[in-house]
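# Structural overview
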Amino acid sequence: TIMFARIPQIYQNFATGSTGQLSIFSYLITVFGGSVRIFTSITDNAGQTMVIGYMIATSMNFVIALQILFLGNKGGQGKAASAVKKKKPAAKKAKAAPKKKAKKVESS
């Protein structure tokens, strides 16, 4: 089931050329944990299907970790960032024309 979550993420990272806000620390911890799980499953003679499942999950997490290292967050230079509209600078307010002084009417 992890393939259904990781494959779209890997593709999106590749397509946009950026990994956005993904954390390298969390993916390295996940890869390390998966590697330990593979080792313990092999030494405990767990089922082959279980070991293969952990290998697939760990390898996909490793691919994302590599993408974070090599692509990183390119400051939003990917295709997804170009779709975001940039704010236009605020227009300067026009100065109001000076008011004309009212003429005094002289009474005789």
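Rules of the game
- Residues numbered from 1 in each chain as written.
- Predicted model: local features only at pLDDT ≥ 70, side-chain atom pairs only at ≥ 80, totals over all residues.
- Heavy atoms only, no water.
- Helix = DSSP H or I, 4+ residues; strand = E, 2+ residues; numbered from the N terminus.
- Buried < 20%, exposed > 50% of the residue type's maximum accessible area, 1.4 Å probe, protein only.
- Contact = heavy atoms within 4.5 Å.
- Areas by Shrake-Rupley, 256 points an atom, 1.4 Å probe, with all protein chains shown as cover.
- Core = buried A, V, L, I, M, F, W, Y, C linked by side-chain atoms within 4.5 Å.

Attention shifts here to the overall build of the protein. The helix and strand inventory of the protein stands at 4 helices and 0 strands. The secondary structure elements of the protein, listed N-terminal to C-terminal, are α-α-α-α. Per-residue burial over the protein gives 20% buried out of 108 residues. Considering only intrachain contacts with a sequence separation of at least 6, the fraction spanning at least 24 residues in the protein is 78%. Per element, the accessible surface of the protein, about 9400 Å² overall, is 64% carbon and sulfur.

Take unusual backbone geometry next. Among all residues save glycine, negative phi is the norm, and among peptide bonds the norm is trans. A positive phi angle is found at Asn45, which is not glycine, with a value near 55°. By relative accessible area, Asn45 is classed as exposed at 69%.

The nonpolar side chains of soluble globular proteins are, as a tendency, buried together. Core analysis: the biggest nonpolar cluster contains 6 residues, these being Ile10, Tyr27, Met60, Ile64, Ala65 and Ile68. Among the elements that line this core, the one with the most residues is helix α3 (residues 48-70), at 4 residues. Setting aside chain neighbours within four positions, we find Tyr27 in contact with Arg6, Leu22, Asn61, Ile64, Ala65 and Ile68.

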